[in-house]
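Chain residues, written in single-letter form:
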Amino acid sequence: MYNIYRFLSKILMKLLYRVEIINSNNIPKKGKIVICGNHTSVLDAPLVLGSTKRKLSILAKIELSKGLKGLFFKPVDLIYVDRSRKTPEVITQSVEKLKEEKAIVLFPEGTTKKPKGTLIEFKMGAVKIASLSNSEILPFAIVNDYKLFRKSVKLIYGKPYKLESDDLEYENKKLKDKVIELIKENQCK
């Protein structure tokens, strides 16, 4: 079922939104990796999912586990985050997946509810998970708006890198700066 969902995501993004994916070859074919970038729309997770043949575990808000949404997302390997409280079990589950040499996807902003075109503060989860699991981080940026049947959105992958320090605030700022750089280099004028 996961492969069908991934295939449908890829087709949806190509046909309906004509998304351009840049540097997907930067996604390692195997090994543990934390893939993270900006969050612009509910379509971001399907976009990332459809951009690689690699099986991904995605951190997602717990609301996606309920009702019809829960049935729709059941084939995807989601790790649910309850944003109304601290959820240390999410870090533990993510680290366990990475110990199995898997790939985790998360959006450090934690929401799409923000002023259009802005990047809000990154939560510390991505760098914390990477630090605890000794994983590389692969930054990405999603630029421009999703427009039906028009080439507009780009998904750009940066290069994977290792954390250099135990200072997670420094590492979190570095991650955000890498995402900002990808956005600036690829945004349509």
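To start, this report covers the structure provided alongside it. Please read all numbers here as calculations on a predicted model, not as lab measurements.

**Considerations on the overall build of the chain**
Okay, so step 1: Looking only at helices and strands, the chain has six helices and seven strands in total.
Okay, so step 2: Seen in sequence order, the chain has helices and strands lined up from the N terminus as α-β-β-α-β-α-β-α-β-α-β-β-α.
Okay, so step 3: A compact globule built from 189 residues would reach a C-alpha radius of gyration of about 16 Å, and the chain, at 16 Å, matches this within 12%.
Okay, so step 4: With the principal axes as the frame, the chain shows a C-alpha extent of 45 × 40 × 35 Å.
Okay, so step 5: Relative to its 189 residues, the chain shows a buried fraction of 49%.
Okay, so step 6: Once local pairs closer than 6 in sequence are excluded, the contacts in the chain between residues at least 24 apart make up 70%.
Okay, so step 7: Carbon together with sulfur atoms contributes 55% to the accessible area of the chain, which is approximately 10,600 Å² in total.
Okay, so step 8: Computed over 37 positive and 21 negative side-chain charges, the inter-centroid distance for the chain is 8 Å.

**Thoughts on the layout of surface pockets**
Over the atoms a probe the size of a water molecule is rolled, and this reveals where empty space is left.
Okay, so step 1: Considered as a void within the structure, the largest pocket measures approximately 1,100 Å³ in volume.
Okay, so step 2: Lining of the largest pocket is provided by 39 residues; of these, A60, K61, V81, R83 and G110 occupy positions nearest its centre.
Okay, so step 3: Elements that contribute at least two residues to the lining of the largest pocket include exactly helix 2 (44–50), strand 3 (56–61), helix 3 (67–73), strand 4 (77–81), helix 4 (88–99) and helix 5 (125–133).
Okay, so step 4: Along the lines of polarity and charge, the residues of the lining of the largest pocket split into 23 nonpolar, seven polar and nine charged.
Okay, so step 5: Its volume calculated, the second largest pocket comes out at about 370 Å³.

**Digging into a positive patch on the surface**
Okay, so step 1: Together, K10, K14, K29 and K53 give the surface a local cluster of positive charge.
Okay, so step 2: By secondary structure assignment, the location of K10 is in helix 1 (residues 2–16).

**Regarding the nonpolar core**
Okay, so step 1: Within the largest apolar cluster, 29 residues are counted, with the highest numbers of intra-cluster contacts made by I35, L47, V48, L56, F140, Y146 and Y157.
Okay, so step 2: Counting 26 residues, the second largest nonpolar core, distinct from the first, contains C36, I79, A130 and Y161.

**As for a nonpolar patch on the surface**
Okay, so step 1: Where nonpolar side chains cluster on the molecular surface, the patch consists of M1, I4, F7, L8, I11 and L15 and spans about 640 Å² of accessible area.
Okay, so step 2: Mapped onto the elements of the fold, M1 is located in the segment before helix 1.

Conventions we followed
- Residues numbered from 1 in each chain as written.
- Predicted model: local features only at pLDDT ≥ 70, side-chain atom pairs only at ≥ 80, totals over all residues.
- Heavy atoms only, no water.
- Helix = DSSP H or I, 4+ residues; strand = E, 2+ residues; numbered from the N terminus.
- Rg over C-alpha atoms; globule rule 2.2 N^0.38 Å.
- Buried < 20%, exposed > 50% of the residue type's maximum accessible area, 1.4 Å probe, protein only.
- Contact = heavy atoms within 4.5 Å.
- Areas by Shrake-Rupley, 256 points an atom, 1.4 Å probe, with all protein chains shown as cover.
- Lys, Arg positive; Asp, Glu negative; His and termini not counted.
- Charge placed at Lys NZ, Arg CZ, Asp CG, Glu CD.
- 1 Å grid on protein atoms, 1.4 Å probe; cavity = no way out; pocket = protein on both sides within 12 Å on 5 of 7 lines; lining within 4 Å.
- Points joined across faces, edges and corners; volume = space filled by probe spheres on them.
- Nonpolar A, V, L, I, M, F, W, Y, C, P; charged D, E, K, R; others polar.
- Patch = residues over 30% accessible without salt bridge, like charges linked within 9 Å, V, L, I, M, F, W, Y side chains within 5 Å.
- Salt bridge = Lys/Arg side-chain N within 4 Å of Asp/Glu carboxyl O.
- Core = buried A, V, L, I, M, F, W, Y, C linked by side-chain atoms within 4.5 Å.

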